[in-house]
Amino acid sequence: MKHSQPSITQFNSTVTSEMLSLSFLALSLFSISNALSLPKTLATTNTTSTTNVTSSGTLGPTSQLNIVNANISPDGFSRSSVLVNGVFPAPLISVQKNDQLTLQVVNQLTDTTMDVETSIHWHGIFQQGGTNWADGVAYVTQCPIQQQNSFQYQFNVGSQTGTYWYHSHYRDQYCDGLRGPLVIYDPQDPLQSMYDVDDASTVITLSDWYHTSSVQLGEIIGAGVTANSSLINGLGRYVGGPASPLAVINVQQGLRYRFRVIGLSCDPQFNFTIDGHRMTIIEADGNEVNPVQVDFLPILAGQRYSVVVTANQTVGNYWIRASPNGNSTDNGMNSAILRYNGAPVQDPTTTAGPYQLAFSELNLHPLTNPAAPGVAGPGKADVNYILAPGQNSSFWFTFNGQAFVDPPVPVLLQILSGTTQASQLLPNGSVYQLPANKTIELSFPDSAAAPGGPHPIHLHGHSFSVVRSAGSTTYNYANPVRRDVVSIGNSATDNVTIRFTTDNPGPWFLHCHIDWHLHHGFAVVMAEATDQVATEQVPTAWSQLCNN
């Protein structure tokens, strides 16, 4: 988000002088002789790590990610892109429950028509145990990694399992290609009896693709940004383009497959279907759910689902469809191919539907510990915040009338340097204080006030219970779905409400995952247990990022 943007006065002219003086003070943190106490550092090195790579190109828990520019043509149109190890999507990072991850990110970017700084966020990973510094959000939890520099992210995934992803969290850079899947496998998966196959071949990524760089697209204000194509596992076709190759998912008749479907989108939501095959949902955003059978699956930006699909049809080719915002899947657009072993190598001729088993978020219930935290009832949490979506006169998105602008110093560095009150943290008006070990309730009323919905809202550092879903007026505190990205709808009558417990100190970003909306202010920071954060240690290399 560090690019030409309206001045702060366009958002809140009354705080301009205060912010400028605070910015000057914050910038003094970069001086060795500053009067503020420097953050405590861990004596860790930042050397190149040994990379564990399988024959399929999958990365392991100790790996090197080289961030490079290269020309690719995933839909038949060639453009310069931002890639991990030269491929799109970025390589699958495959790890197991309780693994320690050591991921060396090396910035080798050279194409100055796009952003040449970077940072990487590990979407859905809680970063518990004092690794908020590894969350990867530029200007919230770190300074970006400069050209020809590297940084080593180290964190333990703990007891988390399921389907995740990773992407650049610097400006709109992931829309240029820096995005890929991350899966935490569970050797004791409680639902493993439901499927026969769950490996790299059953990971399905859905992404929008643009023929114009994100730097140019990010300057569009007040109008929507439309993708040129949709890619499934990195391949697709665009209107007026060639009949480019499509991704093929191979199956053996009679086997049951756990497909991990990941929304790598910068903008559209996808309606995911497989002609002739029903899907049984068993996971949402890294949380196991009681199995629910559906014919279609809406997947918003950042969301993930595991679905079990039985290859029980006649040997042949079947369309996999990922319609973005209701667009056509004719002629292989927005599509891939499910191919049974023994079927001819050709495009399918199958037809869509019928869609009889509808999807509803209200039907998803956690497999274990289903209740939402705290006392049941709207507004009965320990801390209750209303975050009203909106858009200001400059067409920037807002929560409670305030658009988020990048602070001159990362929020985490401000806290480590002694500023622990949200009212004193930059950006002014966009940081909310959360006390430790309390139940938090956030509600998002009248989502129609922010155009371009439904907006997928993502909270870093936590999964949350969705006690009121979009399109519903009822509250469920007994067994609501848990996830980390939720649609807040697009209706004036919506009031999506979530609950979580503050058991993970750190400044955590909460934002719309439509990246063009985040780019234009649709975010806040949840500053959780800042007094604990202020005493935490960070690697020396992390502190040096802000000195480059």
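Small disclaimer: the values here were computed from a predicted structure and weren't measured.

Draft legend 1. Molecular detail of the overall build of the protein chain. If you tally the helices and strands in the protein chain, you get 7 helices and 33 strands. Expressed as a percentage of its 548 residues, the buried residues of the protein chain come to 59%. Restricting to contacts in the protein chain with at least 6 residues of sequence separation, those with at least 24 account for 76%. Accessible surface, the protein chain: about 19,300 Å² in total, of which carbon and sulfur atoms supply 50%.

Draft legend 2. Region of interest: the pairing of strand S4 (residues 93-96). Side chains Ile 93 and Val 95 of S4 all project onto a buried face; the interleaved residues Ser 94 and Gln 96 project onto a face where none is buried. Strand direction decides the pairing type here: S4 and strand S9 (residues 179-185), joined by 4 bridges, are parallel. If you follow Val 95 over to S9, its bridge partner there is Ile 184.

Draft legend 3. Structural view of the pattern of salt bridges. Taken as a whole and judged by the stated rule, the model has 16 salt bridges. With a closest N to O distance of 2.9 Å, Asp 196 and Arg 256 form a salt bridge. Here Asp 196, found in the loop between S9 and strand S10 (203-209), pairs with Arg 256, found in strand S13 (residues 256-263); they are 60 residues apart in sequence, far enough to count as distant. By relative accessible area, which is 28% here, Arg 256 ends up partly exposed.

Draft legend 4. Up close: the sheet that holds S9. Here we have 4 strands laid out as an open sheet, ordered S4-S9-S8-S6, and mixed in their pairing. The sheet is open, and its two edges are formed by S4 and strand S6 (120-123), each paired on a single side. Taking the axes of each pair of neighbouring strands and ignoring which way they run, one obtains an average angle of 20° across the sheet.

Draft legend 5. Geometry of the sheet that holds strand S5 (residues 100-107). The 4 strands are arranged S3-S2-S5-S7 in an open sheet whose pairing can be described as mixed. Across the chains shown, the open sheet's two edge strands, defined by having one partner strand only, are strand S3 (79-84) and strand S7 (150-156). Strand-to-strand twist of the sheet, defined as the mean angle between neighbouring strand axes without regard to direction, takes the value 20°. Examined bridge by bridge, S5 and S7 share 7 bridges and lie antiparallel to one another.

Draft legend 6. Region of interest: unusual backbone geometry. In this structure, the amide linkage connecting Gly 353 to the following residue, Pro 354, adopts the cis form with an omega of 0°. Position of Pro 354 relative to the elements: it lies in the loop between strand S20 (335-340) and strand S21 (383-386). In this chain, Leu 426 is followed by Pro 427 through a cis amide linkage whose omega measures 5°. Even without glycine at this site, Gln 127 takes up a positive phi of about 60°. With phi around 50°, Asp 446 is a residue other than glycine that occupies positive phi space. Among the structural elements, Asp 446 can be located in the loop between strand S25 (439-445) and strand S26 (456-459). Take Asp 446: its relative accessible area is 31%, and that puts it in the partly exposed class.

Draft legend 7. Layout of the packing of aromatic side chains. Within this structure, the stated rule accounts for 19 aromatic pairs. Aromatic side chains Tyr 475 and Tyr 477 sit 6.3 Å apart centroid to centroid with 10° between the ring planes, which places their arrangement in the stacked category. The residue whose ring lies beneath Arg 79 is Trp 209, and the NZ or CZ to ring-centre distance is 5.5 Å.

Draft legend 8. Up close: the state of the cysteines. Throughout the structure, instances matching the rule amount to 2 disulfides. A sulfur-sulfur distance of 2.0 Å marks the disulfide that ties Cys 143 to Cys 546. Taking the sign of the S-S torsion, about 95° here, the bridge from Cys 143 to Cys 546 comes out right-handed. Of this pair, Cys 143 sits in the loop between S6 and S7 while Cys 546 sits in the segment after helix H7 (540-545), and the two are 403 residues apart along the sequence. A relative accessible area of 6% places Cys 143 in the buried class. Exposure remark for Cys 546: the relative accessible area of 11% places this residue in the buried category. Paired by a disulfide, Cys 175 and Cys 266 hold their sulfur atoms 2.2 Å apart.

Draft legend 9. View of the side chain of Ser 207. Its place among the elements puts Ser 207 in strand S10. Judged by relative accessible area, Ser 207 falls into the buried class, the value being 0%.

Draft legend 10. Expanded view of the confidence of the model for the protein chain. Taken residue by residue, the protein chain gives an average pLDDT of 91. The fraction at 70 or more is 90%. pLDDT under 50 marks residues 1-50. Its contacts with residues more than four places away, or in other chains, come to 99 contacts.

Draft legend 11. Focus on the side chain of Arg 258. Considering the arrangement of structural elements, one finds Arg 258 in strand S13. We classify Arg 258 as buried; its relative accessible area is 4%. Polar contacts involving the side chain of Arg 258 include one to the side chain of Tyr 195, which spans 3.2 Å. For Arg 258, the side chain forms a polar contact with the side chain of Ser 306, separated by 3.0 Å. Ignoring sequence-local partners within four residues, the contact set of Arg 258 consists of Asp 189, Tyr 195, Val 197, Asp 198, Thr 202, Ile 282, Glu 283, Ser 306 and Val 307.

Draft legend 12. Layout of the pairing of S10. Most of S10 is tucked away: 7 of the 7 residues are buried. Residues Val 203, Thr 205, Ser 207 and Trp 209 line one face of S10 and the alternating positions Ile 204, Leu 206 and Asp 208 line the opposite face, and both faces are buried. Pairing of S10 with S13 involves 4 bridges; the strand directions are parallel. Along S13, the bridge assignment pairs Ile 204 with Val 261. Here S10 runs beside strand S11 (residues 229-232); their pairing, made up of 4 bridges, is antiparallel. Bridged to Asp 208 within S11 is Ser 230.

What counts, and where the lines are drawn
- Residues numbered from 1 in each chain as written.
- Predicted model: local features only at pLDDT ≥ 70, side-chain atom pairs only at ≥ 80, totals over all residues.
- Heavy atoms only, no water.
- Helix = DSSP H or I, 4+ residues; strand = E, 2+ residues; numbered from the N terminus.
- Buried < 20%, exposed > 50% of the residue type's maximum accessible area, 1.4 Å probe, protein only.
- Contact = heavy atoms within 4.5 Å.
- Areas by Shrake-Rupley, 256 points an atom, 1.4 Å probe, with all protein chains shown as cover.
- Pairing = 2+ DSSP bridges.
- Salt bridge = Lys/Arg side-chain N within 4 Å of Asp/Glu carboxyl O.
- Axes fitted to C-alpha atoms, helices over the stretch in contact; angles between N-to-C directions.
- Phe/Tyr/Trp six-rings, centres within 6.5 Å; stacked < 30°, edge-to-face > 60°.
- Lys NZ or Arg CZ within 6 Å of the ring centre and 35° of its normal.
- Disulfide = S-S within 2.5 Å.
- pLDDT = per-residue confidence, 0-100.
- Polar contact = N/O pair within 3.5 Å; in protein donor to acceptor, adjacent residues only side chain to side chain.

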